[in-house]
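# Per-entry structural report
As a plain string of letters, each chain reads:
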Amino acid sequence: MTEKEESVKLLGFWASPFSRRVEMALKLKGVPYEYLEEDLPNKTPLLLELNPLHKKVPVLVHNDKILLESHLILEYIDQIWKKNPILPQDPYEKAMARFWAKFIDEQILTLGFRSLVKAEKGREVAIEETREMLMFLEKEVTGKDFFGGKTIGFLDMIAGSMIPFCLARLWEGMGIDMIPGEKFPELNRWIKTLEEVEAVRGCIPPRDKQIERMTKIAETIRSA
Amino acid sequence: MASSDVKLIGAWASPFVMRPRIALNLKSVPYEFLQETFGSKSELLLKSNPVHKKIPVLLHADKPVCESNIIVEYIDDTWSSSGPSLLPSDPYDRAMARFWAAYIDEKWFVVLRSFLKAGGEEEKKSVIAQLEEGNAFLEKAFIDCSKGKPFFNGDNIGYLDIALGCFLAWLRVTELAASHKILDEAKTPSLSKWAENFCNDPAVKPVMPETAKLAEFAKKIFPRPEA
């Protein structure tokens, strides 16, 4: 079997959960790629050329094809590189994975970040509202090693990049124990298991640097 | 499969509900339509979609599937041997279809919806300008995706056609309210032709609300102060 001439480039940012999750997938599947770090908020001419509509990372360039939006990139990667599949085969399981992925990047991100920082109804209410949403995920991962079942999948990458390795740093910086072990035993177990996965380990932003960054962004939101 | 096996919780005026209805029609899947009463949410809806409490919800052998575009993909995956495929087979074309569907929901429709809530003339003018800019992007997307065929999905209506087409009745209501043609044959000829073809499709006609009826409904939910 001959190896095709493949070129894979990823434009990303060290602190972005959206580009980190793409790296997890590429590493899991053993896909060689060239990583180009954006120095955000300064956007390179390359980024503006490849993603003129949204001007955001990640951008995946596969040969001559430009792929945008992390969820779509993950699904694309899964279809092109078949090793270690990350999406379930069963249509219902697939629909559920997509549903929860959307929920994490929309509801959890909004409540657990912007709403929490602004705390218009007070800090305790914001914490409770976030925990209420996280409880859905607690139930989803109960009785499973990963959201994907026995092996790490699409939803693990999305939840992992967003929650423990991004939002949790903000919560730490704010002195909030958002997912205490006694209330969220399954999520805590899942985080420990996830951190041991080789493809994930290299994609965790440095903890202190991330806490510092998330705290700074929170300040910007508060003073806006 | 018995028709009682597939149920859809929805409402006649919702463009999001239209999406799975068109998909089920394209796949010739019989289903029971459970109409929600405007202003209240049924026990079944609250139980089936505890996270968002929103329509549409597809119940397939009592298992709920939520989020309109996700439901359409589920329908395509489940009844894959029935009727044409709703998404392209090529992974890149698939990603593009989903990309534009996300753009439509996150940017284009948000702007459309803001018109009926808009206050003064200045605000309305700005909304129309934004919509027309969006339409220009969609015109190009249509030319790229359709590759000379009548629909985004090619010869047959698919996921992206449904994602955009479901808003055509609300677009017409907005055009009436604005006394201005927002989807203009002169500016976006391909998209305009597509809209005509979409609305005439037998899978779409039975579920597309009449403009007049929808305009009446719009007056009820977006009350405007007397001029």
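Residues numbered from 1 in each chain as written. Chains lettered and ligands numbered in written order. Predicted model: local features only at pLDDT ≥ 70, side-chain atom pairs only at ≥ 80, totals over all residues. Heavy atoms only, no water.

By the naming in an unreviewed UniProt entry, chain B is glutathione transferase, taken from Arabidopsis suecica. Of chain B, the UniProt comment under Subcellular location (unreviewed entry) reads exactly: "Cytoplasm, Cytosol". (UniProt positions renumbered as here; feature names shortened; annotations may be inferred.)

For chain A, the name recorded in an unreviewed UniProt entry is glutathione transferase, with Arabidopsis suecica as its organism. Taken directly from UniProt, the Catalytic activity (unreviewed entry) text for chain A runs: "RX + glutathione = an S-substituted glutathione + a halide anion + H(+)". The UniProt entry for chain A carries the following comment under Subcellular location (unreviewed entry): "Cytoplasm, Cytosol".

Along its length, chain B carries nine helices and four strands. Structurally, chain B occupies a C-alpha span of about 50 × 45 × 30 Å along its principal axes. For chain B, the proportion of its 227 residues judged to be buried stands at 53%. Pairs at least 24 apart in sequence give 69% of the contacts found in chain B among residues at least 6 apart. For chain B, the exposed area adds up to about 10600 Å²; of that, 55% sits on carbon and sulfur atoms. (Helix = DSSP H or I, 4+ residues; strand = E, 2+ residues; numbered from the N terminus. Buried < 20%, exposed > 50% of the residue type's maximum accessible area, 1.4 Å probe, protein only. Contact = heavy atoms within 4.5 Å. Areas by Shrake-Rupley, 256 points an atom, 1.4 Å probe, with all protein chains shown as cover.)

What follows concerns empty space enclosed by the protein. Over the atoms a probe the size of a water molecule is rolled, and this reveals where empty space is left. As enumerated under the stated definition, the model contains two cavities of 30 Å³ or more in all. Within this model, the largest cavity holds a volume of roughly 50 Å³. Lining the largest cavity, in full, are Trp108, Asn135, Leu138, Leu164, Leu168, Leu171, Leu183, Leu191 and Trp194 of chain B. Of all the secondary-structure elements, those providing two or more residues to the lining of the largest cavity are α5 (121-146), α7 (168-178) and α8 (189-200) of chain B. In terms of residue class, the lining of the largest cavity is made up of eight nonpolar, one polar and no charged. Counted as a void, the second largest cavity has a volume near 30 Å³. For the second largest cavity, the full set of lining residues is Ala15, Ser16, Pro17, Arg20, Ser161, Phe165, Cys166, Cys203, Pro205 and Gln210 of chain A. Among the elements of the structure, α1 (17-28) and α6 (154-173) of chain A are those that each provide at least two residues to the lining of the second largest cavity. If you tally residues by element for the lining of the second largest cavity, the top one is α6 of chain A, at three residues. (1 Å grid on protein atoms, 1.4 Å probe; cavity = no way out; pocket = protein on both sides within 12 Å on 5 of 7 lines; lining within 4 Å. Points joined across faces, edges and corners; volume = space filled by probe spheres on them. Nonpolar A, V, L, I, M, F, W, Y, C, P; charged D, E, K, R; others polar.)

All names here are of chain A. Going from Leu40 to Pro41, the amide bond is cis rather than trans, its omega being 10°. In this fold, Pro41 is placed in the loop between β2 (34-37) and α2 (45-50). That bond from Val57 to Pro58 is cis: its omega, 0°, falls within 30 degrees of zero. The topology assignment puts Pro58 in the loop between α2 and β3 (59-62). Phi at Lys55 is positive, roughly 55°, even though this residue is not glycine. By secondary structure assignment, the location of Lys55 is in the loop between α2 and β3. Assessed through its relative accessible area of 38%, Lys55 is described here as partly exposed.

So, about the pairing of strand β4 (residues 65-68) of chain A. Residues and elements named next belong to chain A. Looking at chain direction, β3 and β4 are connected through four bridges and run antiparallel. Its bridge partner being in β4, Val59 is matched across the sheet by Leu68. Counted between consecutive antiparallel strands, the loop separating β3 from β4 contains two residues, among which Asn63 sits at a positive phi close to 55°. (Pairing = 2+ DSSP bridges.)

What follows concerns the packing of α1 of chain A against helix α3 (residues 70-80) of chain A. Residue and element names in this part refer to chain A. Where α1 contacts α3, the two axes come as close as 9 Å, and the packing angle between them is 5°. When the axis of α1 is compared with that of α3, the two are roughly parallel. Of the residues in α3, those touching α1 at Phe18, Arg21, Val22, Ala25 and Leu26 are Ser70, His71, Ile73, Leu74 and Ile77. Of the residues belonging to the contact of α1 with α3, the class tally is seven nonpolar, two polar and one charged. (Axes fitted to C-alpha atoms, helices over the stretch in contact; angles between N-to-C directions. Parallel < 35°, antiparallel > 145°, perpendicular 65-115°, else oblique.)

Feature annotation in UniProt places "domain: GST N-terminal" (unreviewed entry) on residues 6-85 of chain A, given in this structure's numbering. As annotated, residues 6-85 of chain A has a helix share of 36% and a strand share of 21%, and its two end C-alpha atoms lie 20 Å apart.

A few words on the pattern of salt bridges. Residue and element names in this part refer to chain A. Inspection of the entire model under this criterion finds 30 salt bridges over all chains. For Arg169, the salt bridge identified is with Glu172, shortest N-O distance 3.8 Å. Pair noted here: Arg169 and Glu172 are both in helix α6, with a separation of three residues, about one helical turn. Since its relative accessible area comes to 35%, Glu172 is described here as partly exposed. Here Glu186 makes a salt bridge to Arg189, at a shortest N to O gap of 2.6 Å. Linking Glu186 with Arg189, this pair stays in helix α7 (residues 185-195), spanning three residues, or about one helical turn. (Salt bridge = Lys/Arg side-chain N within 4 Å of Asp/Glu carboxyl O.)

A surface patch of like charges, here positive, comprises Lys41, Lys53, Lys54, Arg113 and Lys117 of chain B. Mapped onto the fold, Arg113 of chain B is located in helix α4 (residues 91-117). (Patch = residues over 30% accessible without salt bridge, like charges linked within 9 Å, V, L, I, M, F, W, Y side chains within 5 Å. Lys, Arg positive; Asp, Glu negative; His and termini not counted. Charge placed at Lys NZ, Arg CZ, Asp CG, Glu CD.)

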